[in-house]
Structures are given as structure tokens and as C-alpha cells.
Amino acid sequence: MKDFLHKQGASKQLGIYTASRLSSRMDGVIFREQLEGNTALNAHLEITLRDSVDEISRFIGIRIFSATETQKTPKGYVCSGGNEIIAYWFQHSIPVVLMVFDDGKIFWNSVTPENIGINNANWELTVPYEQIFDEDSIQEIGNLTCTSPNLARLAIDKSWLELLSNGEEILLDMEEWINQPSQRGALKLITPQKIYHWQFRTDPDMPHVMRLPKLFPWANIQNDEKFVKRDPDSALDSDSEFDAQILQPYAIEGGEIAKFRLKLTLNELGRAFLTAEPFICTGRLPNDNQKIPGFGSDYEGSLKFRIFNNM
């Protein structure tokens, strides 16, 4: 059993790698692996179908299955899961695509009410054999319905927010060639469990640090003080006072490559989403709203209150 689960996990990771490699060949498409958490999403696509990065990008949640996790039928791969996950995706209007990795190819289908079948506590969705993830499919994926793109974006990233809320740490490593234009950048998200490699797109002359707030709208971005202070090749003046709010490289190698080590913490937007999210999904009020100490003796002595308390 352990050997089977190991092979299944390796197959899924190979599927994530393959989807990332295919996406890297598509103009305006960036694939990023996600911390799965209870959103059940293990990646997302950022799709910009126009030339300007100032256009609002579309974010599409991705769940990747290995073929061994599905049931093969004459029509395609049948994926399934618990209904609470489908409810989460639909309640937040997250555009979601299921992908299946098999024999070096990625197959896909969109999660829509028309495609989903509900059976008791589970859902099923068929990913057709003829629906291959390639450049021809991007326009259709990018046009998936999303009534609230900004809310959907926060919902996609919920697992990162929860990680920070639980006291875990997310560090960000980034290198940038500072004397030449570049439309693509790369960074590493470092968590206690794993390192995630992320690509991003920017205007050729935009310093990469200016792109970060749009990548992490739910986070405060600061220098990692411990890292800067212990690096012997720090670009900072050792006699100057450290300011975590000023984003600056800890080293510039050869006068060309700026190296950053930054730290993410929850900002007001991230905390507000985690507070509001239970109400958005279920209508459940925050605990503080449900604890009412009393209503006053005159009001509670009314006929209506007496009847209500005896019901």
C-alpha cells in the first residue's frame, strides 16, 4: 500500500511538472503550484490574454489528478471528491479546471454545474480523452465565468493565508538582473514543508519588487531581518539601522544580480478575508457577534420574550 501511495504521489507531482512545462510555452500563461490545504486546489493559472500587465489577469484554480486516481470510462477519466469542496468553489465563484495526467499528456475539463454530477455526499466529473491541455484551450479556460474575480483570487490563496494565520512562516527568495529589461521573473516561496517555484510576468522596465503586491495582495512584504544581518556580503551598510519596510537586496552580485530574502505576513486584507470567509460560505456569524450578554430587564420581561424562552 505504501509503495502504491508513493507511486501515486510521484505521478501527481510529475503531472504538476508537465502542466507547468506546457504552460511555459503559452503566451500570457503562468502556472504556479499551490499549497493544497482544504481548498483542494494544488495549482493555479494566471492568464493575461492581452499585452499589457495592467490588464486584470484571470486566475484559474487547478486540481491535478494522476490517471490512477480516476476511473477510466469510454468517454474519459472520471474524477470524484466530497461535495464540501464543490460547495467551496461555487460559493466563491472560483473558476476551476480539473486536469488529469496520463502518459505524458494533460487532459482537462472545467468545473461547472453542467459538468458536475452529484451522488449523495460525492461529486463526479468526466475529463474527456479528446480535451487536451494545449494552446488552443487557453482562450476557453481564460473565459470561464467568474462573477467576483478579486474574491475568487483570495479564495484560491486561502491555504497560504491559513498557514500564516497558524503561526507558520513563508519566506520569499528572488533574484533579479537589474541592468537589463525582463518580462518574466521568478521567485521561491519557502514554507516549513516545501519550496514552491513561481513565475511571474512584468513590464520589461518594472523593478520586480513592484510586482510583488499584486502577486500577494493579502500579505505584508518585508525584508527578512535575520537573513540580512547574518549575510557577510550584504549590500546594506553594516552601520546603518535596519528597516524591514524598505525592500532592498541583501546582496548585488557583480553589480548585476540583486538577491532578495523577504518575509510574508498577513495584512489587513488577509485577516479580513479569513474573518469574513465563514459567513460568505455558510452564513455563520463571527463568534463575537453571537455572544450577546443581555437585552435589559424591561425588554426581557416582555410577553414576547417570556413566550420565546418557554418554547
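Bear in mind the structure is a predicted one, so any value in this text is a computation, not a measurement. (Residues numbered from 1 in each chain as written. Predicted model: local features only at pLDDT ≥ 70, side-chain atom pairs only at ≥ 80, totals over all residues. Heavy atoms only, no water.)

Take the sheet that holds strand β9 (residues 122-128) next. With respect to topology, four strands assemble into an open sheet ordered β4-β5-β9-β8, the strand pairing being antiparallel. Of all strands in the sheet, those bounded by a partner on one side alone are β4 (71-72) and β8 (117-119). With two bridges connecting them, β4 and strand β5 (residues 76-82) associate as antiparallel partners. In the strand pairing of β5, K72 is matched with Y77. (Pairing = 2+ DSSP bridges. Helix = DSSP H or I, 4+ residues; strand = E, 2+ residues; numbered from the N terminus.)

For L189, the position within the fold is in strand β11 (residues 184-190). The exposure class of L189 is buried, given its relative accessible area of 1%. Along the backbone, L189 and K263 are 74 residues apart, and their C-alpha atoms lie at a distance of 9.6 Å. Contacts of L189, omitting those with residues within four sequence positions, involve W160, I170, L171, L172, K194, I195, Y196, W198, F216 and L264. (Buried < 20%, exposed > 50% of the residue type's maximum accessible area, 1.4 Å probe, protein only. Contact = heavy atoms within 4.5 Å.)

Another point: the environment of D205. Among the structural elements, D205 can be located in the loop between β12 (195-201) and α6 (212-215). You can call D205 exposed: its relative accessible area is 69%. Taking the C-alpha atoms as reference points, D205 and S182, 23 residues apart in sequence, are found 6.9 Å from one another.

With that out of the way, let us pick up the pairing of strand β2 (residues 43-47). A large share of β2 lies buried, amounting to five of its five residues. As defined by bridge partners, strand β1 (residues 29-33) adjoins β2 across five bridges and the pair is classed as antiparallel. In the strand pairing of β2, R32 is matched with H44. The pairing of β2 with strand β3 (residues 58-66) spans five bridges and is antiparallel. Within β3, the position partnered with A43 by the bridge is I62.

Turning our attention to the nonpolar core. The biggest cluster of nonpolar side chains holds 53 residues, and the ones touching the most others in it are W89, L98, L187, L189 and F216. Of all the elements, strand β15 (residues 257-266) adds the most residues to this core, at five residues. Apart from the residues lying within four places of it in its own chain, the contact partners of L187 are L172, D173, M174, Y196, H197, W198, F200, L212, L215 and F216. Of all hydrophobic cores here, the second largest spans 21 residues; its members include M26, L45, W108 and I138. (Core = buried A, V, L, I, M, F, W, Y, C linked by side-chain atoms within 4.5 Å.)

Per-residue confidence for the protein chain gives a mean pLDDT of 86; residues scoring 70 or more make up 86%. For the stretch residues 1-6, pLDDT sits under 50, and the model shows zero contacts to residues farther than four places along the chain or on other chains. (pLDDT = per-residue confidence, 0-100.)

What follows covers helix α4 (residues 149-156). Residue pairs spaced three or four apart in an α-helix point in one direction, given the helix's 3.6 residues per turn. Burial in α4 covers these residues: A152, R153, L154, A155 and I156. Turning to α4, the residues buried within the fold contact β2, β3, α2 (83-91), α5 (158-165), α6 and α8 (268-282).

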